[in-house]
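Close look at the chain arrangement
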Amino acid sequence: MNLLNTLVDKGLRRETPTREEALAVLATSDDDVLDVVAAAGRVRRHWFGRRVKLNYLVNLKSGLCPEDCSYCSQRLGSDTGILKYSWLKPEEASKAAAAGLAGGAKRVCLVASGRGPTDRDVERVAGTIAALKERHEDVEVCACLGLLSEGQAERLRAAGADAYNHNLNTSEATYGDITTTHTYADRVDTVRKAHAAGLSACSGLIAGMGESDEDLVDVVFALRALDPDSVPVNFLIPVEGTPLAAEWNLTPQRCLRILAMVRFVCPDVEVRIAGGREVHLRTLQPLALHLANSIFLGDYLTTEGQAGRADLEMIADAGFEVEGADEVTLPAHRAAAGGGCGAHEGAGACGSHGDGGACGSHRGEGAGCGTEAGGAGCGGHAGAAGSTAAESVAESAAAGADAARTDAVRTDAARTDAARTDLVAVRRRGAGTDLAPNA
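Rules behind the numbers
Residues numbered from 1 in each chain as written. Predicted model: local features only at pLDDT ≥ 70, side-chain atom pairs only at ≥ 80, totals over all residues. Heavy atoms only, no water. Helix = DSSP H or I, 4+ residues; strand = E, 2+ residues; numbered from the N terminus. Expected span 1.5 Å × (residues − 1). Buried < 20%, exposed > 50% of the residue type's maximum accessible area, 1.4 Å probe, protein only. Contact = heavy atoms within 4.5 Å. Core = buried A, V, L, I, M, F, W, Y, C linked by side-chain atoms within 4.5 Å. Phe/Tyr/Trp six-rings, centres within 6.5 Å; stacked < 30°, edge-to-face > 60°. pLDDT = per-residue confidence, 0-100. Axes fitted to C-alpha atoms, helices over the stretch in contact; angles between N-to-C directions. Parallel < 35°, antiparallel > 145°, perpendicular 65-115°, else oblique. Left-handed = near helix turned anticlockwise from the far one by under 90°. Right-handed = clockwise from strand over helix to strand, strands pointing away. Pairing = 2+ DSSP bridges. Salt bridge = Lys/Arg side-chain N within 4 Å of Asp/Glu carboxyl O. Lys, Arg positive; Asp, Glu negative; His and termini not counted. Polar contact = N/O pair within 3.5 Å; in protein donor to acceptor, adjacent residues only side chain to side chain.

This brings us to helix α9 (residues 213-226). Residues that lie three or four places apart on an α-helix share one face, since the helix turns once every 3.6 residues. Taking 1.5 Å per residue as the helical rise, α9 with its 14 residues ought to reach 20 Å, and the 20 Å between its terminal C-alpha atoms agrees with that figure. By the burial criterion, the buried members of α9 are Asp215, Leu216, Val217, Val219, Val220, Phe221, Leu223, Arg224 and Leu226. Summarising the contacts, the buried residues of α9 are in contact with α2 (19-27), α8 (184-196), β6 (205-207), β7 (230-235) and α10 (252-265). Positioned one or two residues after α9, aspartate 227 has a phi angle of 60°, which is positive.

Given below as structure tokens:
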């Protein structure tokens, strides 16, 4: 079809599609979904070959957030039964990260619930970054801590952080419908702070919250303008006990169309399939690898992913290969000033925007490691409870990326033909188990 040929040509030139073209991708029929995947796959392979970057989440602090994000299991007043604990110690977090690194992850995303970090919190995370880099010299570290105050991004950069995540999540027009305790502008401001400090910007969205096609296109175009190196695409996990628990709006085919649209709008950027892929893409997950060049390995913040070994087998069976620690993720024109995961000129981080090349041709003013759709996003929500849940980290973290997921506690939502609520497994393990917080 002419639309897809046009979008492929634009993607290979890093040219921005029109809004009408982006909307047309979302409007294609299920009969055409394989054609859409094939077209967007050409753009993906042009810029990223057949490499798949693996990322791993370490939840540093979980639960009791003062923010009211409707998609989040850690939100203010939530009754989701999730695991809650205070800050992991640096050595505990480092050991927890070892599970993902053993499975092939090259980036570790350090996540803490809360509105944003205090200066003391930044110091805690700095210690964790140091512990990680001491054990794993080549690891990329992305911090996801919520809204940043002046100077905090610079301090994280100085501590060795390579990237910072803060997702826009949805369009500016509808942001107030999902969160009232902070604004869309607050999120944009934090991404710009991270960008200005020389951190590689990571900012994405959550699909499936009841938004329109226009909202999806709006947020993706806003992300392109902010010029992140990485765009995580989350699919809402409707967790019982959250306001969006009944929002089962996605099919595997729609998820593929959303990923294709993101790839066309952001052709040369790391597009990451984040929270919810197991729930919504289901058996079509391998097709999504033709669109995205990055995934999370293992579990998310408060919900379970599929076993790491299953992810590695899926990548190999689909004809892709895990990106090595010595390989540069971003295309040469984006990584020219530093080489690697993507940072900013003069910052000496792992990669760079160099002389431009936004998610194509735009130059952004900022942007915001992935999130857990419906589970708090990668950073930004308050934690509480004691640190006893971390006591089991040492015994279990080294078990590998596919650490045991037996005895998973399923939500008690009823199974229906329209909503596969039986697929949602909430992480409720606590102290006294033999599992790390993110095992």
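One recurring pattern in soluble globular proteins: nonpolar side chains tend to sit buried together. Val58, Phe235 and Phe264 are the most contacted members of the largest nonpolar core, which totals 97 residues. The greatest single-element share of this core, amounting to 9 residues, is contributed by α10. With near-sequence residues (within four places) excluded, phenylalanine 264 lies in contact with Leu4, Leu7, Val8, Pro17, Val25, Val36, Ala39, Ala40 and Val43. By size, the runner-up hydrophobic cluster in this structure holds 9 residues, among which are Leu57, Val111, Ala163 and Tyr300.

This paragraph deals with the packing of aromatic side chains. In this structure the tally under the stated criterion is 1 aromatic pair. With 6.1 Å between their ring centres and 65° between their planes, tyrosine 175 and tyrosine 184 make a pair best called edge-to-face.

Inspection of the secondary structure puts cysteine 72 in the loop between β1 (51-61) and α4 (90-102). In sequence terms cysteine 72 and proline 243 are 171 residues apart; their C-alpha atoms lie 8.7 Å from each other.

The share of residues in the protein with pLDDT of 70 or more is 75%, and the mean pLDDT across the chain is 80. Contacts of residues 337-417 to residues separated by more than four positions or lying in other chains number 325 contacts, the stretch itself having pLDDT below 50. In this model residues 427-439 is a low-confidence stretch, pLDDT under 50, and it forms 53 contacts with partners more than four residues away in sequence or in other chains.

All right, on to the packing of α2 against α10 then. The angle between the axes and the distance between the axes are what describe a pair of packed helices. Interhelical geometry of α2 versus α10 gives an angle of 160° and a closest axis separation of 8 Å. Comparing their axes, α10 and α2 come out roughly antiparallel. α2 and α10 meet at a crossing whose hand is right-handed. Every residue of α10 that contacts α2 at Ala22, Val25 and Leu26 is listed here: Arg254, Arg257, Ile258, Ala260, Met261, Phe264 and Val265.

So, on to the pairing of strand β8 (residues 270-273). Side chains Glu270 and Arg272 project from β8 onto one buried face, and the interleaved Val271 and Ile273 project onto a second face that is buried too. Between the parallel elements β7 and β8, the chain passes through α10 in a crossover that is right-handed. Bridge count between β8 and strand β9 (residues 294-296): 2 bridges; the pairing is parallel. Across the sheet, isoleucine 273 pairs through a bridge with isoleucine 295, a residue of β9.

So, about α4. Given a rise of 1.5 Å per residue, 13 residues ought to cover 18 Å, and the 18 Å separating the end C-alpha atoms of α4 matches this to within 8%. Every buried residue belonging to α4 is among Glu92, Ala93, Ser94, Ala96, Ala97, Ala99, Gly100 and Leu101, and all of these are buried. After α4 finishes, the residue glycine 104 shows a positive phi value of roughly 110°.

Now for the pattern of salt bridges. Working definition: two side chains of opposite charge can pair if their charged atoms are close together. Counted by the stated rule, this structure contains 23 salt bridges. Aspartate 162 is the salt-bridge partner of lysine 133, the closest N and O atoms lying 2.9 Å from each other. Taken together, the positions of lysine 133 in helix α5 (residues 119-135) and aspartate 162 in the loop between α6 (152-159) and β4 (163-165) put the pair 29 residues apart, joining distant regions of the chain. Exposure remark for lysine 133: the relative accessible area of 25% places this residue in the partly exposed category. The exposure class assigned to aspartate 162 is buried, which follows from its relative accessible area of 8%. Across the salt bridge formed by glutamate 278 and arginine 277, the nearest N and O atoms sit 3.7 Å from each other. The class for arginine 277 is buried, based on a relative accessible area of 1%. One network of salt bridges, in which partners are shared, links Lys53, Arg107, Glu140, Glu270 and Arg272.

Bringing the side chain of arginine 263 into the picture now. The topology assignment puts arginine 263 in helix α10. No salt bridge is formed by the buried arginine 263; its nearest oppositely charged neighbour, aspartate 268, is found at 6.7 Å. A distance of 2.9 Å separates a polar atom in the side chain of arginine 263 from the backbone oxygen of leucine 291.

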